[in-house]
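One-letter residues, chain by chain:
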Amino acid sequence: MKIKPPVMDDKPRLDGVPEWHLGSVASGLLALIGLALCVLVITTPFDLVTQLVFAATTFAAAYAINRLTTGRLASLVLIGISIVTSLRYMYWRVTSTLGFDNAVDAFFGYGLLAAEVYAMAVLLLSYFQSAWPLKRKPVPLPADPALWPTVDIFIPTYNEPLNVVRQTALTALSQDWPSHRFKIYVLDDGNRPEFKDFCAEAGIGYITRTNNKHAKAGNINEALKVTDGEYVAIFDCDHVPTRSFLQVVMGWFLRDTKLAMLQTPHVFFSPDPLEQNLSLFKKVPNEGKLFYGLTQDGNDLWNATFFCGSCAVLRRSALLDVGGVAVESVTEDALTALKMNRKGYNTAYLAIPQAAGLATENLSRHIGQRIRWARGMAQIFRSHNPLLGKGLSMPQRICYASAALHFFYGLPRLVFLTAPLAYLFFGAHVFKSSALLIAAYALPHILHAQLTNSRLQGKFRHSFWNEVYETVLAWYIMRPTLATLVLPNKATFNVTQKGGTNEEDYFDWTLSRPYIALLLLNVAGFVVGIVTMLHHLDDMAIVLTLLMNLAWTTHNIVISSASVAVAGERKQIRNVPRVAAELTATLQTGSGYRYACQTTDFSQEGLGIELPAPLPLVVGESLQVSVFRNDEEAIFPARVAFMRGTKLGLRFEDLSIEQQAELAKVTFARADTWALSWADATPDSPLMAMRAIANISVQGFRVLSRETWRLLRDSNRSASSGSERA
């Protein structure tokens, strides 16, 4: 059998897969035999003991394969075992557990089944997308820079502050690309004079328009009319590109004349709300890392990379050929890529961080951003369904459908978080089977999925964290996605604001209401379950059923409480984030002495310094600080902002626009900073992940108790004050 990847001829081939030349007839025969065996395994009913033996044997085999092998082929075997085990569960579920006795049982039972079918579909689609990341490498450019193409760099902005846009624009200036072959444009939909003045001072193009029609997509399309570069690189206004960006990504466009878009990862140098509020920054992979670390790389194998609106290059001719950036969806980027693929263009992904940006600063903005994404993908699924229409290969249809269906998890997640309550509160039997048989069929399905996903995704998402992410958002994206299915044209674009601050710690009572409700419901269900069990200790069937539902409820309590903890917003007073980085530096004092040192972090306003030994400096003292990149030295005037032993804080003093650009060149534009942070992921350990989430769950209870006490105390004080005034 010869395994040949469905990729364009000039893409890298799959490596590490043995090629067996059995001929088409033998290959087809083997495939049929394999399929028949799978169907046999999926559909053969077992009694409890035989099913337990089957479950133990398959899991032992999968566990051994996972522990003893590292190759991709073994990952495919694990995927196969997981799929067969899950389909066996679903077959049993549909054929043996749905004989409901009354309407209440049927209502809850079919509701749970629908959620399980959705989860199964998403599981299979995710296996398809992540089974074989392409791991594309950069293609060298021609030795003669005169042959390098011309590029326009667009930085769209609407209402973001100038200090955010300034950093991106100045960093973009440092591109290692012939200066006459690239231009930078700030696309200011806010039409702000200070932006125009800054661009004039920095020598950057400034484009505005008289209306904000079609938001970001319209902004870019207007700029396309008045610019002429062969390619367009787009960066959100808070995404600073490295100086190597164009050199790393442009080679593929010269090799593949049908390549319309190449996307690179989004990495963030500031924590998102979950990382900030749960103190997880750089400890647990954030929500987006799975998409950029694995899913997009897997999509690339099937020529189905999505455009993500930033940190990407598009071929102008291809973009114009599809009518510019799509304006029919609030996720204009994904729809643009879909249109390109439908027209026969290629899209590609290069998993090398070449830009970094700001994450959303608080839970409210985070939820708002995800709601827009969810609405947009629901719009695409409803109005531009990738499963229908011409122009896409079957793998492309699957990849796009998977992306769209993913955002419909809101309702199924809420069903899973409340399903055991149907029995605990109402006595509804959502399974027409014994508790032991349910466990014997369901647990292998869950455990194999966890084991396989931990192997495939472990570098980019730790076990069980998807449940926390989805629970935090489930209530908020459920309604807009379902509403968009009915009225797809009602969704509107909302800008995700960046660069804000939280002046003090606070608990977001408004956003946390759904999590608190879920938590209280499950705690109440747990209490009811315990009391019920104490009254039926003589009936083992009821006890086992209660134990199964209590275990499920305990899991839901942990996840709900962890979500409550996310609503405990932490103070974030810096509106200019600092990036941790050890860079070679020197200090030169006013007396002429120079001292070698290292930075601990940098921002556009200052540096953190680690000295080899304490120095006789005083706060407020002026000095010169040099930052090195290899033999390149950049010198900046600065003032001592604080001192503590060998730690020193410097604040830059009145940097000229040229010095600001130079500073950006030796700090934010360094490719190594983001590459190192991209590669520092801690490998997944399911037990450690379980322990971490359990600890956060305790934190959730603690935060809720503390904030409830404060609320009651403040309420009493207000009442007392009111009584005194009266």
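No experiment lies behind these values; they were computed from the predicted model shown.

The rules behind the values
Residues numbered from 1 in each chain as written. Predicted model: local features only at pLDDT ≥ 70, side-chain atom pairs only at ≥ 80, totals over all residues. Heavy atoms only, no water. Helix = DSSP H or I, 4+ residues; strand = E, 2+ residues; numbered from the N terminus. Rg over C-alpha atoms; globule rule 2.2 N^0.38 Å. Buried < 20%, exposed > 50% of the residue type's maximum accessible area, 1.4 Å probe, protein only. Contact = heavy atoms within 4.5 Å. Areas by Shrake-Rupley, 256 points an atom, 1.4 Å probe, with all protein chains shown as cover. Lys, Arg positive; Asp, Glu negative; His and termini not counted. Charge placed at Lys NZ, Arg CZ, Asp CG, Glu CD. Pairing = 2+ DSSP bridges. Patch = residues over 30% accessible without salt bridge, like charges linked within 9 Å, V, L, I, M, F, W, Y side chains within 5 Å. Salt bridge = Lys/Arg side-chain N within 4 Å of Asp/Glu carboxyl O. Axes fitted to C-alpha atoms, helices over the stretch in contact; angles between N-to-C directions. Phe/Tyr/Trp six-rings, centres within 6.5 Å; stacked < 30°, edge-to-face > 60°. Lys NZ or Arg CZ within 6 Å of the ring centre and 35° of its normal. Core = buried A, V, L, I, M, F, W, Y, C linked by side-chain atoms within 4.5 Å.

Undergrad: Could you clarify how one ought to interpret the overall build of the protein in this entry?
TA: Looking only at helices and strands, the protein features 23 helices and 19 strands. Computed over the C-alpha atoms, the radius of gyration of the protein is 28 Å, within 12% of the 27 Å expected from 2.2 N^0.38 for a compact globule of 726 residues. For the protein, the C-alpha atoms occupy an extent of roughly 85 × 85 × 55 Å along the three principal directions. Out of the 726 residues belonging to the protein, those deemed buried represent 54%. Considering only residue pairs separated by 6 or more positions, the protein has 78% of its internal contacts joining residues 24 or more positions apart. When the accessible surface of the protein is summed, it comes to about 31,900 Å², and 61% of that surface belongs to carbon and sulfur atoms. A gap of 4 Å separates the mean positions of the 66 positive and 60 negative side-chain charges of the protein.

Undergrad: Mind showing me how you'd approach the sheet that holds strand β10 (residues 355-357) here?
TA: In sheet architecture, strand pairing relies on hydrogen bonds along the backbone and comes in two forms, parallel and antiparallel. Pairing is mixed across the open sheet formed by three strands, whose spatial order is β5-β10-β7. The sheet terminates laterally at β5 (240-241) and β7 (267-268), the two strands that pair on one side only.

Undergrad: Explanation requested: a nonpolar patch on the surface in the structure shown.
TA: Nonpolar side chains collect at one region of the surface, where L29, L30, I33, L37 and L40 lie side by side and expose about 490 Å² of accessible area between them. Along the chain, L29 falls in helix α1 (residues 23-43).

Undergrad: Can you walk me through the sheet that holds strand β9 (residues 346-349) in this structure?
TA: Taken in spatial order, the seven strands line up as β3-β2-β1-β4-β8-β6-β9 in an open sheet, and their pairing is mixed. Of all the strands in the sheet, just β3 (205-207) and β9 have a single pairing partner and so form its edges. The average undirected angle you get between the axes of adjacent strands in this sheet is 25°. Inspection of the sheet shows strand β1 (residues 151-157) paired to strand β4 (residues 231-234) by four bridges, in the parallel sense. When the sheet's bridge partners are listed, F154 is paired in β4 with I234. Helix-sheet contacts for helix α7 (residues 215-225) involve β1, β2 (182-188), β3 and β4, and the interaxial angle to β1 is about 145°.

Undergrad: Is there a simple way to explain the pattern of salt bridges in this structure?
TA: Any two side chains of opposite charge can pair if their charged atoms end up close together. If you walk through the whole model with that rule in mind, you get 25 salt bridges. With a closest N to O distance of 2.9 Å, R192 and D188 form a salt bridge. Like D188, R192 is buried. Salt bridges sharing common partners tie together D176, R243, R629 and E632.

Undergrad: Looking at this structure, I do not really get the packing of aromatic side chains. What am I missing?
TA: The way to describe two aromatic rings as a pair is by their centre distance and the angle between their planes. By the definition in use, this model includes 23 aromatic pairs. Their ring planes at 20° and their centres at 6.3 Å tell us that F291 and F306 sit as a pair that is stacked. Taken as a pair, F291 in helix α11 (residues 289-301) and F306 in the loop between α11 and β8 (312-315) lie far apart in primary sequence, 15 residues in all. For F291, a relative accessible area of 25% corresponds to the partly exposed category. Seen in terms of ring centroids, F425 and F426 are 6.3 Å apart; in terms of plane orientation they differ by 80°. Their pairing is edge-to-face. Under the relative-accessibility criterion, F425 is labelled partly exposed at 34%. Through successive ring pairs, a cluster of aromatic residues spans F107, F108, F425 and F426. Taking NZ or CZ as reference, R255 lies 5.4 Å from the ring centre of W252, over its face.

Undergrad: I keep staring at the environment of G309 and nothing clicks. Help me out?
TA: Residue placement: G309 occurs in the loop between α11 and β8. Note on G309: relative accessible area 1%, which makes it buried. Apart from the residues within four sequence positions on either side, G309 is in contact with K216, I234, D236, Q263 and D333.

Undergrad: Explanation requested: the pairing of β9 in the structure shown.
TA: Regular strands place their side chains on alternate faces of the sheet. Covered by surrounding structure in β9 are N346 and A348 together with T347 and Y349, the residues of both alternating faces. As judged from the four bridges shared by strand β6 (residues 259-263) and β9, these two strands associate in the parallel manner. Looking at the pairing, L259 lines up with N346 of β9.

Undergrad: Honestly, the nonpolar core in this entry has me stumped. Any pointers?
TA: Side chains of a nonpolar character, in soluble globular proteins, are inclined to be buried together. Grouped together as the largest cluster of nonpolar side chains are 83 residues, with contacts concentrated most on F154, M340, L363, I367 and W465. Take this core: its biggest share by element is nine residues, from helix α18 (residues 465-486). If sequence neighbours within four positions are ignored, M340 has contacts with A260, M261, L314, A318, L319, V322 and Y345. By size, the runner-up hydrophobic cluster in this structure holds 78 residues, among which are L141, Y231, F245 and V579.

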